[in-house]
Amino acid sequence: MMAQAEQDTAPRALEAINRRRRLVFIGLVLLTAAAGTGAFLNIMAEDGLRATEVLGCALFAFLSAWIAIGFWTALLGFFVITFRRDRYALDVETPYEAPPPGSPPRRRTALVMPVYNEDPTRCYAALRAAFDELHALGADGDFDFFILSDSRSAEARVDETVLWADLVASAPPGFRLFYRWREKNTGRKSGNIAEFCERWGSRYDYMIVYDADSVMGGATLRSLVAMMDRYKQVGIIQTPPLAVNRRTLFARLHQFAASVYGAIFNAGQAWWALGDSNYIGHNAIIRTAPFMQHCGLAPLPGKPPLGGEILSHDFVEAGLMRRGGLQVWMAYGLGESYEEPPPTLIDYAKRDRRWAQGNMQHLRLLGLGGLQPITRLHFLFGGLSYMAGGIWMMFLAAMLLNSAVALPEGWIVSENGVLMPNWPLDRSADLILLFVVTTGMLMLPKFLAVGTVMADPGRRSAHGGGIMPLLSALLETVISILTTPILLMFHIRFLAEILLGRSVGWLPQQRGEGGMELGLIVRAHAGHTITGLLLALFTYAVTPELFWWFSPVFIGLMLSIPVSALSGSATLGRAAYHARLLVTDTEGRRFRPRVLRRFDALTHRLAERTPLERLKATFADPARLRLCAQVLPIPDEQDGEAVRDKLAGRGVDGVDSLSPEERLMALSSPAIRGMLHRSAWLPASADQVA
């Protein structure tokens, strides 16, 4: 990014730049779509237009525009990064400074992590790693850390509380880590953040929102605060989180794609969005007061899935912040912002199911008063991204149907005087040429991005060295071609479920890499396999000249079971890494960022003891027990009778026999806590624990 963003001194000039850039971007998209649609129409109209061809042209117009959006976003981003030309972008090198003399002292920044039945070792390690980074930079005094728990699992609640008490009791000076559990998790994640704001938001100028899989470096956290201090009219600054830490082949594909291709897409979107960028719900800093003033979310009228609580709240909060007069920026030049991708194709689809419902809800907000036009465009793009799969399949069906119903147009006499049918013109060669051009638009951004890696010796080495980045990109492209039709079929199913009124539940995201049972994979993809087989047979029977043109679609569907099973393998992921394939610049001792190394070490240390061992150690430590008492509600002591009976004569060793709910009761009850604490230090006897 360039030295100084002029938007902090000339907002009206920025609005003019906004308009010009959007006109350029939209103009490029429309011209590209018009050229593609015109070429397709000319091919179809050579011998007249049938109804199926008119439908195909209409669908192709949408698809060509959709492809053009991604193409021009990436191409603009490539030029921005290559020539370092965007003087209106936020200055990510803004120095972190204390408030000038005579100004009000800066209030702390809250770093908040909402969790829902997550692994607490990973969550606490991320927060402690952030503190250690900030401490090394001398900026830790401005940050408070919060775990905001919506966990319903008693097992998760016990371990969250015990680990929090452990970290606080052994914390270095200045590490202010707070834990809060909500009895009623109204509003899910957005409700969790809203309740935090209601209770403590007035104490903080800013809050930085983490997901349970977020990790951010100290320099990035400090820079976000510095930019908010400088740009007073900015309400949200989003960092683009880089996918890291997974070992399955599927996750490695996404990590490589994010590391290599992500930069140009992020820079391109930031170029045409400027201060109207989006918020993705985590790894972002928010100005707390205007967020509390403008970004409250009311349920949508009606029942789920299209009514009720808004699932994808982040896009809406960004739009409401813009409606309130504050800007939302993408700080694509900041590094050390990380998240973990889903480990398997099925886990990825599960996450997409929730996002699909949220983005369909956004379409109901297109007419909401006061929103900026770009906000409505963000809502529209989000919804169309899940409708595109159905439109692709409709286009393919229209083309197949058109070929199937093509009839001879009368009779003609050949040169030999033989009467024969007058078949329509064969247009497959022209269609294939158009297909090649369209595919080139999809592939060119990838290979431009790979070119930037190959041209930089440091990045090339970090991505495997030699020609390995190029080979990795080819591997990623092949597997993406196979998985894309599978995801499109998932999206079609999701839309059908939403239209039938089936709402998605609120499930914790799968973050482990233990793999999936083959039976589950078969059940998830059996319909895809059958669909691909039937599509292949139908295509070959009615229009063999288009068989190979459509082959990527039905081959991907027919191979969905092995592709899903093999791509979810951590063994294959490790093999790819050792072969220097799909390597990213966050891996290996030489390239691993310091904050990720610290996170790795903390996660390993916190996981050295099992949750049960941590619980028993807590009962032996009076300081930690007192801390637990501060954050756990006191239960009715009559409810603890059965737990005391189970522990009779066994003391703290009897905790092994308790269920998760009973362990939570034992930790919550003052009487049982005291009893188990004494038993941890004295020989247990029936009299002592009766």
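Read on for an overview of the structure.

What counts, and where the lines are drawn
- Residues numbered from 1 in each chain as written.
- Predicted model: local features only at pLDDT ≥ 70, side-chain atom pairs only at ≥ 80, totals over all residues.
- Heavy atoms only, no water.
- Pairing = 2+ DSSP bridges.
- Helix = DSSP H or I, 4+ residues; strand = E, 2+ residues; numbered from the N terminus.
- Core = buried A, V, L, I, M, F, W, Y, C linked by side-chain atoms within 4.5 Å.
- Buried < 20%, exposed > 50% of the residue type's maximum accessible area, 1.4 Å probe, protein only.
- Contact = heavy atoms within 4.5 Å.
- Patch = residues over 30% accessible without salt bridge, like charges linked within 9 Å, V, L, I, M, F, W, Y side chains within 5 Å.
- Areas by Shrake-Rupley, 256 points an atom, 1.4 Å probe, with all protein chains shown as cover.
- Salt bridge = Lys/Arg side-chain N within 4 Å of Asp/Glu carboxyl O.
- Polar contact = N/O pair within 3.5 Å; in protein donor to acceptor, adjacent residues only side chain to side chain.
- Expected span 1.5 Å × (residues − 1).
- Bend = angle between axes of the 7 residues up to and from the residue.
- Phe/Tyr/Trp six-rings, centres within 6.5 Å; stacked < 30°, edge-to-face > 60°.
- Lys NZ or Arg CZ within 6 Å of the ring centre and 35° of its normal.

### Brief notes about the sheet that holds strand S5 (residues 215–216)
Step number 1: Across the sheet, three strands lie side by side as S5-S10-S7; this open sheet has mixed pairing. This sheet does not close on itself; its edge strands, each paired only once, are S5 and strand S7 (242–243).
Step number 2: As paired elements, S5 and strand S10 (residues 337–339) share two bridges and run antiparallel to each other. Pairing of Val215 across the sheet is with Tyr338, part of S10.

### Let's talk about the nonpolar core
Step number 1: Core analysis: the largest hydrophobic core is formed by 79 residues, its most contacted members being Phe145 and Tyr210.
Step number 2: Per-element accounting of this core gives the leading share, nine residues, to helix H3 (residues 120–137).
Step number 3: Not counting chain neighbours up to four residues away, the residues in contact with Phe145 comprise Leu111, Leu127, Ala130, Phe131, Leu134, Phe175, Arg176, Leu177 and Phe178.
Step number 4: One finds Phe60, Ala356, Leu434 and Leu546 within the second-largest nonpolar core, a separate group that totals 37 residues.

### Quick word on a nonpolar patch on the surface
Step number 1: The grouping of Phe447, Ile467, Leu470, Leu471 and Leu474 at the surface amounts to a nonpolar patch, some 400 Å² of accessible area in total.
Step number 2: Of the residues forming the nonpolar patch, the biggest block, three residues, is contributed by helix H15 (residues 468–499).
Step number 3: Examined against the element boundaries, Leu474 turns out to sit in helix H15.

### Structural notes on the environment of Thr239
Step number 1: When you line up the elements, Thr239 lands in the loop between strand S6 (234–238) and S7.
Step number 2: Sequence separation between Thr239 and Val158 is 81 residues; the distance between their C-alpha atoms is 33 Å.
Step number 3: Aside from chain neighbours lying at most four places away, what touches Thr239 is Met216, Thr220, Leu224, Asn283, Met330, Ala331, Leu334 and Ser337.
Step number 4: Within the local environment of Thr239, its side chain forms a polar contact with the backbone oxygen of Asn283, the two atoms lying 2.6 Å apart.
Step number 5: Of the polar contacts made by the side chain of Thr239, one reaches the side chain of Ser337; its length is 2.7 Å.

### Things to note about helix H17 (residues 547–558)
Step number 1: Across its 12 residues, H17 extends only 14 Å between first and last C-alpha, which sits more than 12% below the 16 Å expected from 1.5 Å per residue.
Step number 2: Within H17, burial applies to Phe547, Trp549, Phe550, Ser551, Val553, Phe554, Gly556 and Leu557.

### Structural notes on H15
Step number 1: Over its 32 residues, H15 extends 45 Å from the first C-alpha to the last, a length consistent with the 46 Å expected when each residue adds 1.5 Å.
Step number 2: Where H15 bends most, at Thr483, the angle is about 30°, and the proline Pro485 comes one to four residues later.
Step number 3: Directly beyond the C-terminal end of H15, a positive phi value near 85° is found at Gly501.

### Focus: the packing of aromatic side chains
Step number 1: Going through the model one piece at a time under the given rule, you end up with 25 aromatic pairs.
Step number 2: Note on Phe490 and Phe494: the rings are 5.9 Å apart at their centroids and 25° apart in plane angle, and the pair reads as stacked. Residue Phe490 and its partner Phe494 are both found in helix H15; the two are separated by four residues, about one turn of the helix.
Step number 3: Within the aromatic cluster, the residues linked to one another by ring pairs are Phe25, Phe62, Trp66, Trp272 and Phe381.
Step number 4: Positioned over the ring face of Trp181 is Arg157, at 3.3 Å from the centre of the ring.

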